[in-house]
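# Descriptive analysis of the structure
So you can see what is in the structure, the chains are spelled out below.
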Amino acid sequence: KKKKEPTLSKKKQKEARQLYPEPLVSFQELRNKYRVSRRLTANIGEQGFSVPTEVQMGSLPLLLWNSAIDKTPSSPKESQELDLLVVAPTGSGKTLAFLIPLINNMVQHHRQNPGQREICSVIVAPTKELVGQIVNEGRKLAVGTGVTITAMRKGMQVMDLIHDEENLLEEKSSSESDPGSSSDNETEDAKSKSKGKKTNTTVTKSDILVTTPLALVNALSANKTKSVSPLPSVEHLVLDEADVLLDPLFREQTSAIWNACTNPRLRISLWSATMGSNIEELTKETIKKRRESLAIENSQ
Ligand code: ADP
Ligand code: MG
């Protein structure tokens, strides 16, 4: 006898429709419904991706909800800030699903705040190989958008930590004299190479930083013996292979990064191929803890 698939009740289905945006049916909708940058949408096509995979259909509308043209059926306010746990099999296209919103978010940010780079995104992945793959895929997608993607390397400092007014001003003036912007105001990468001029260490101030947990924890604790310095400007934190990042081997490092991201607007998304090692509970628990500690900070 065939086992009955678990289904949501009519009422629950209706609730879900009101809570979450419709799945994406084509990459053209990125432009038509979510105002995704023309260049980024074109790059997706040029990479040979013509139809979104299932996980992309489901997650992209949630992550792009902020820039949706038509926000009906109305998602609740919180949908703009929802943290996300995405579980989909290996090879289902999760990388593209988290890269598109991150890149688009940075394109929009640069458009609204030309020359400034005070927010960024961090992608954490468990191995150097994965970090390399994500950087490669990201750079292909970001060609011509002006968005910079960097792999964290040994000895690198996180520019983000240093609130350097002078550097910001320098960047501003160099971007003002930047010639030949396209109508979409998406300029080439040139101006983004903002190296800290006063230090000897390599300093990165990338839009999207891709890192293993250890590399980032090391950089963040370089000047301090015990604690990890805060990363106040990170708006998006992506944990790829989250089941691995939350397993006992990496968990301490991952939560150190997680806790270092002190921006109240931080949005976390976790991507995993399995629901193993109680990932759902771990996720809820960690998110709850973070929200609580933020609430305490805010009330002080
Ligand atoms: P996952 O992280 O879910 O294991 P990946 O992001 O590594 O999967 O993607 C697996 C493969 O699928 C990659 O080669 C990627 O380029 C390809 N891919 C991703 N999205 C699409 C798409 N929409 N159409 C066709 N191929 C895709
Ligand atoms: Mg993957």
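Now for a description of the structure that goes with this document. (Residues numbered from 1 in each chain as written. Chains lettered and ligands numbered in written order. Predicted model: local features only at pLDDT ≥ 70, side-chain atom pairs only at ≥ 80, totals over all residues. Heavy atoms only, no water.)

### Quick word on the sheet that holds strand β3 (residues 149-151)
The strand order across the open sheet formed by 6 strands is β1-β8-β7-β2-β6-β3, and the pairing between neighbours is parallel. Each having just a single partner strand, β1 (84-87) and β3 make up the two edges of the open sheet. The mean angle between the axes of side-by-side strands here comes to 15°, regardless of whether they run parallel or antiparallel. Bridge analysis of strand β2 (residues 120-124) against strand β6 (residues 208-211) gives 4 bridges, and the strand direction is parallel. Bridge pairing in β6 places V124 opposite T211. Its contacts with the sheet put helix α4 (residues 54-63) on β1 and β8 (267-272), and the angle it makes with β8 is roughly 175°. (Pairing = 2+ DSSP bridges. Helix = DSSP H or I, 4+ residues; strand = E, 2+ residues; numbered from the N terminus. Axes fitted to C-alpha atoms, helices over the stretch in contact; angles between N-to-C directions. Contact = heavy atoms within 4.5 Å.)

### Some points on the environment of L246
Position of L246 among the secondary structure elements: in the loop between α9 (242-245) and α10 (251-260). You can call L246 buried: its relative accessible area is 5%. Spatially, the C-alpha atom of L246 lies 10.0 Å from that of L270, the residues being 24 residues apart in sequence. When residues no more than four places from it in sequence are discounted, the contact partners of L246 are R251, T254, L270, I279, L282 and T283. (Buried < 20%, exposed > 50% of the residue type's maximum accessible area, 1.4 Å probe, protein only.)

### Describing helix α3 (residues 38-46)
Those residues of α3 not exposed but buried are L40, T41, N43 and I44. Seen from one end, α3 has its buried residues packed into an arc of 160°, which puts them on one side. (Arc of directions from axis to C-beta.)

### Structural notes on the side chain of D240
Along the chain, D240 falls in strand β7 (residues 234-240). Notably, D240 is buried but unbridged: the nearest opposite-charge side chain belongs to K94, and the N-O separation is 6.1 Å. Those residues within four positions of D240 in sequence are excluded, and the remaining contacts are F98, V124, A125, P126, L130, I134, L245 and W271. (Lys, Arg positive; Asp, Glu negative; His and termini not counted. Salt bridge = Lys/Arg side-chain N within 4 Å of Asp/Glu carboxyl O.)

### Here we look at the site of ligand 1
The immediate surroundings of ligand 1 are formed by 14 residues, with V51, Q56, G91, K94 and T95 found nearest. Here a nitrogen atom of ligand 1 sits 2.8 Å away from a polar atom, N or O, in the main chain of V51. One of the side-chain N or O atoms of Q56 is found 2.8 Å from a nitrogen atom in ligand 1. Taken by itself ligand 1 offers 570 Å² of open surface, and the protein chains cover 67% of this. Taken together, the residues of the shell around ligand 1 sort by class into 6 nonpolar, 7 polar and 1 charged. (Near = heavy atom within 4 Å. Polar contact = N/O pair within 3.5 Å; in protein donor to acceptor, adjacent residues only side chain to side chain. Areas by Shrake-Rupley, 256 points an atom, 1.4 Å probe, with all protein chains shown as cover. Nonpolar A, V, L, I, M, F, W, Y, C, P; charged D, E, K, R; others polar.)

### Overview of helix α5 (residues 94-112)
Over its 19 residues, α5 runs 28 Å from end to end, which matches the ideal 27 Å to within 8%, given 1.5 Å per residue. Judged by how many residues are buried, α5 sits mostly within the fold: 15 of 19 residues are covered. (Expected span 1.5 Å × (residues − 1).)

### Some thoughts on the side chain of D243
Structurally, D243 is set in helix α9. Buried charge without a salt bridge: D243, with K94 as the nearest opposite-charge side chain at an N-O distance of 8.2 Å. At 3.4 Å, the side chain of D243 forms a polar contact with the side chain of S272.

Remember that the coordinates give geometry; whether it matters functionally is a separate question.
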